[in-house]
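Listed below, chain by chain, are the residues.
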Amino acid sequence: SDVYKRQYQRRVHGIIQKGKEMPKKIATENINAKLGIVMRSGKALLGHSQTLKAIRKGAVKMVIVSSNCPNLRKSMLEYYCMLSKTQIYHYMGTNTDLGAACGRYHRVACVCILDAGDSDILTAISGQNPNHPDHKIHLT
């Protein structure tokens with residue numbers, strides 16, 4: 001009974017033992033908190049069309065794309081970000097999760113950050129997402 005209780009606490013509360021990695025849920029919650037601060041104190045635009053317009057103007061500092069964004073839209077956003085040298089982050093949750101992280105009650109496929117405000121999301125993420133399958137480490 002006591003063993004099951006400890007396993008439940010580890011699973012639910014995210015208790016980490018020595019030498020084990022941090023669960024992905026905690027990393028996602030950290031990004032959600034930073035995104036919430038951006039939505040309250042900074043400037044951000046939601047949606048695919050507004051993000052593309054802002055990238056064309058050159059006002060975007062970072063683009064966040066949900067995991068279930070359609071492939072055509074995702075590749076178009078990646079291409080525009082590559083041309084404008086803008087950071088792109090592949091969010092591990094779905095568009096419903098991304099909308100909830102932004103404080104909205106609807107689905108959001110992508111978010112572009114114009115001004116981070118009080119958040120340090122630009123330096124914390126810095127354009128690298130090691131959980132994305134296309135992530136490669138560049139050694140110079």
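Right, let's walk through the structure included here. Just so you know, the residues in each chain are numbered from 1, in the order the chain's sequence is written. pLDDT decides what is reported in this predicted model: residues at 70 or higher carry local features, side-chain atom pairs at 80 or more are listed and counted, and totals for whole chains, interfaces and linings draw on all residues regardless. Remark: hydrogens and water are excluded; side-chain values derive from all non-hydrogen atoms of the structure.

1. With respect to the overall build of the protein
Inference 1: Looking only at helices and strands, the protein has 6 helices and 4 strands in total.
Inference 2: Put simply, DSSP H or I for four residues or longer makes a helix, DSSP E for two residues or longer makes a strand, and each gets a number counted from the N terminus. The helix and strand sequence of the protein, counted from the amino end, reads α-α-β-α-β-α-β-α-β-α.
Inference 3: Classification of the 140 residues of the protein by burial places 33% in the buried group.
Inference 4: It only takes one pair of heavy atoms within 4.5 Å for two residues to be counted as in contact. Taking contacts inside the protein between residues at least 6 apart in sequence as the whole, the part at least 24 apart equals 75%. Three exposure classes are used, based on accessible area relative to the maximum for each residue type with a 1.4 Å probe and protein chains only: buried under 20%, partly exposed in between, and exposed over 50%.

2. Looking at the pairing of strand β3 (residues 87-90)
Inference 1: As defined by bridge partners, strand β2 (residues 62-65) adjoins β3 across 4 bridges and the pair is classed as parallel. From the neighbouring strand, Val63 faces β3, where its bridge partner is Ile88. Pairs of strands are assigned from DSSP output, requiring at least two bridges between the strands.

3. Side note on the environment of Cys110
Inference 1: Counting through the fold element by element, Cys110 comes out in strand β4 (residues 110-115).
Inference 2: Separated by 46 residues in the primary sequence, Cys110 and Ile64 place their C-alpha atoms 5.5 Å from one another.
Inference 3: The residues touching Cys110, leaving out its near neighbours within four places in the chain, are Leu45, Leu46, Gly47, His48, Thr51, Ile64, Val65, Leu77 and Leu98.

4. Notes on the side chain of Lys34
Inference 1: Counting through the fold element by element, Lys34 comes out in helix α2 (residues 24-41).
Inference 2: According to the relative accessible area criterion, Lys34 is buried, its value standing at 15%.

5. With respect to the sheet that holds β2
Inference 1: Spatially, the 4 strands line up as an open sheet ordered β1-β4-β2-β3, and their pairing is mixed. Here the strands that pair on one side only, and so sit at the sheet edges, are β1 (43-46) and β3. Direction aside, neighbouring strands of the sheet carry axes that sit 20° apart on average.
Inference 2: Between the N-to-C directions of two axes lies an angle of 0 to 180 degrees, each axis being a line fitted to C-alpha atoms and, for a helix, fitted only over the stretch in contact. On top of the sheet, helix α3 (residues 48-57) reaches β1, β2 and β4; it is set at about 40° to β4, its chief contact.
Inference 3: With respect to the sheet, helix α4 (residues 71-84) is in contact with β2, β3 and β4, its orientation differing from that of β3 by roughly 155°.

6. Focus on the side chain of Ser119
Inference 1: You can see Ser119 is positioned in the loop between β4 and α6 (121-125).
Inference 2: Polar contacts, as counted here, are pairs of nitrogen or oxygen atoms within 3.5 Å of one another; within protein the pair requires one atom able to donate a hydrogen and one able to accept it, and residues that are adjacent in sequence qualify only if both atoms are side-chain atoms. A distance of 3.2 Å separates a polar side-chain atom of Ser119 from the backbone oxygen of Lys34.

7. Here's the deal with the pattern of salt bridges
Inference 1: A pairing counts as a salt bridge when a side-chain nitrogen of Lys or Arg comes within 4 Å of a carboxyl oxygen of Asp or Glu. What the rule picks out here adds up to 1 salt bridge.
Inference 2: Close ionic contact of Lys34 with Asp120 constitutes a salt bridge, the shortest N to O distance being 2.9 Å. Here the residue Lys34 occupies a position in helix α2, and Asp120 occupies one in the loop between β4 and α6, the gap between them amounting to 86 residues.
Inference 3: When its relative accessible area of 41% is taken as the criterion, Asp120 is described as partly exposed.

8. A look at the packing of aromatic side chains
Inference 1: Only centres within 6.5 Å qualify two rings of Phe, Tyr or Trp (six-membered ring in Trp) as a pair; their planes then separate them into stacked at under 30 degrees, edge-to-face at over 60, and tilted for everything else. A complete count under the given rule lists 1 aromatic pair for this structure.
Inference 2: Between Tyr79 and Tyr80 the ring centres are 6.5 Å apart and the planes differ by 90°, which places this aromatic pair in the edge-to-face class.
Inference 3: Judged by its relative accessible area of 46%, Tyr79 is partly exposed.
Inference 4: A relative accessible area of 24% means that Tyr80 is categorised as partly exposed.

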